[in-house]
Amino acid sequence: MNVMTGVDKFVETQTAKISARGVQVHYGDTHAIQDVNVEIEDRTVTAFIGPSGCGKSTFLRTLNRMNDTIASCRVEGAILLDGENIYDKRVDPVQLRAKVGMVFQKPNPFPKSIYDNVAYGPRIHGLARNRSELDDIVERSLRRGALWDEVKDRLDAPGTGLSGGQQQRLCIARAVATEPEVLLMDEPCSALDPIATAQVEELIDELRQNFSVVIVTHSMQQAARVSRKTAFFHLGKLVEFGETGQIFTNPIDPRTESYITGRIG
Ligand code: ADP
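I will try to describe carefully the structure that is included in this document. (Residues numbered from 1 in each chain as written. Predicted model: local features only at pLDDT ≥ 70, side-chain atom pairs only at ≥ 80, totals over all residues. Heavy atoms only, no water.)

Overview of the site of the ligand
Alright, step 1. Every residue lining the ligand is accounted for by Tyr27, Ala32, Pro51, Ser52, Gly53, Cys54, Gly55, Lys56, Ser57, Thr58, Arg61 and Ile70.
Alright, step 2. Contact between the ligand and serine 57: an oxygen atom at 2.9 Å from a main-chain N or O atom of the residue.
Alright, step 3. Side-chain polar atom of threonine 58 to an oxygen atom of the ligand: 2.5 Å apart, as the coordinates give it.
Alright, step 4. Coverage of the ligand by the protein chains reaches 62% of its 560 Å² of free accessible surface.
Alright, step 5. Counting residues per element, the shell around the ligand draws most heavily on helix H1 (residues 56-62), at four residues.
Alright, step 6. A class-by-class count of the residues in the shell around the ligand yields five nonpolar, five polar and two charged. (Near = heavy atom within 4 Å. Polar contact = N/O pair within 3.5 Å; in protein donor to acceptor, adjacent residues only side chain to side chain. Areas by Shrake-Rupley, 256 points an atom, 1.4 Å probe, with all protein chains shown as cover. Helix = DSSP H or I, 4+ residues; strand = E, 2+ residues; numbered from the N terminus. Nonpolar A, V, L, I, M, F, W, Y, C, P; charged D, E, K, R; others polar.)

Right, here's the structure in full:
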């Protein structure tokens, strides 16, 4: 078991895909993330839970430098992806985000066809040599997004014309089209109905076989259903990290216990 109960105590696992070391995030004077250390495993779903405003999304965004786009945001510490610090000056954030893909709360397909939404990343990263290779990537990605059967006869239709759940699966297909190694999901089901949520959760379970998946969720039930590891954040600190079953049935920190039993948050 890989349990972390304090910021300075963690057991390194050999399968760590991402290691966060002493990560601090400020937005101007707001200290949003305070000295977070965590190891995220490969081919595993890791859930980030905690009350609103505790820093889940902020920390998630440090994992692919999405915070770079926020002027007031300052990140300190290191995030190692396969041992390399993604904040190193030599790292190109655009290349990084192809490796560490992201899916947002609200499905945000481009105002383009279904095909072009998925082909967008492979085109800008030069992943296909010709149209037939691109067709293959689009089909494979839509299959991985569990959407192919529903859209294969209308690839030229606008992505924005799909249902909310289909749009979110399109965004997942778009994210996996660049062959990322890590997939970050920021409350990916919060705009979806229960049926679409169940489909996306099932998809997450499949994606885990090839990717490291990190999901922010405000739903403890969802974290319990989809994840193997859970990190509980509170007031900008990573309070507890461990096996999901342990976090929900036998938390070590009283703050975690208060949250999961509904006393805080
Ligand atoms: P969570 O995802 O757990 O709800 P957030 O990461 O969104 O928490 O927020 C953590 C803290 O950082 C909060 O105090 C929030 O107000 C602040 N914050 C988040 N995003 C920004 C931003 N773009 N500018 C300034 N402050 C922000």
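Next comes the rest of the account.
Let's talk about the pairing of strand S2 (residues 30-41)
Alright, step 1. As judged from the eight bridges shared by strand S1 (residues 16-27) and S2, these two strands associate in the antiparallel manner. When the sheet's bridge partners are listed, tyrosine 27 is paired in S2 with threonine 30.
Alright, step 2. With antiparallel pairing between neighbouring strands as the criterion, S1 and S2 make up a hairpin whose turn holds two residues, including glycine 28 at a positive phi of roughly 55 degrees. (Pairing = 2+ DSSP bridges.)

With respect to the pattern of salt bridges
Alright, step 1. Following the criterion strictly, the structure yields 21 salt bridges and no others.
Alright, step 2. Arginine 228 serves as the salt-bridge partner of glutamate 41, at 2.7 Å between the closest nitrogen and oxygen. Within this pair, whereas glutamate 41 is found in strand S2, its partner arginine 228 is found in the loop between helix H8 (220-226) and strand S9 (229-234), the two being separated by 187 residues in sequence.
Alright, step 3. Relative accessible area serves as the criterion here: at 10%, glutamate 41 is assigned to the buried category.
Alright, step 4. Three or more residues are tied together by salt bridges with common partners; here these are Glu41, Arg228, Lys229 and Glu243. (Salt bridge = Lys/Arg side-chain N within 4 Å of Asp/Glu carboxyl O. Buried < 20%, exposed > 50% of the residue type's maximum accessible area, 1.4 Å probe, protein only.)

Structural notes on the packing of aromatic side chains
Alright, step 1. Going through the model one piece at a time under the given rule, you end up with five aromatic pairs.
Alright, step 2. A ring pair is formed by phenylalanine 59 and phenylalanine 233, whose centres lie 5.6 Å apart and whose planes are at 40 degrees; its orientation type is tilted. Within this pair, whereas phenylalanine 59 is found in helix H1, its partner phenylalanine 233 is found in strand S9, the two being separated by 174 residues in sequence. In terms of burial, phenylalanine 59 and phenylalanine 233 fall into one category: buried. (Phe/Tyr/Trp six-rings, centres within 6.5 Å; stacked < 30°, edge-to-face > 60°.)

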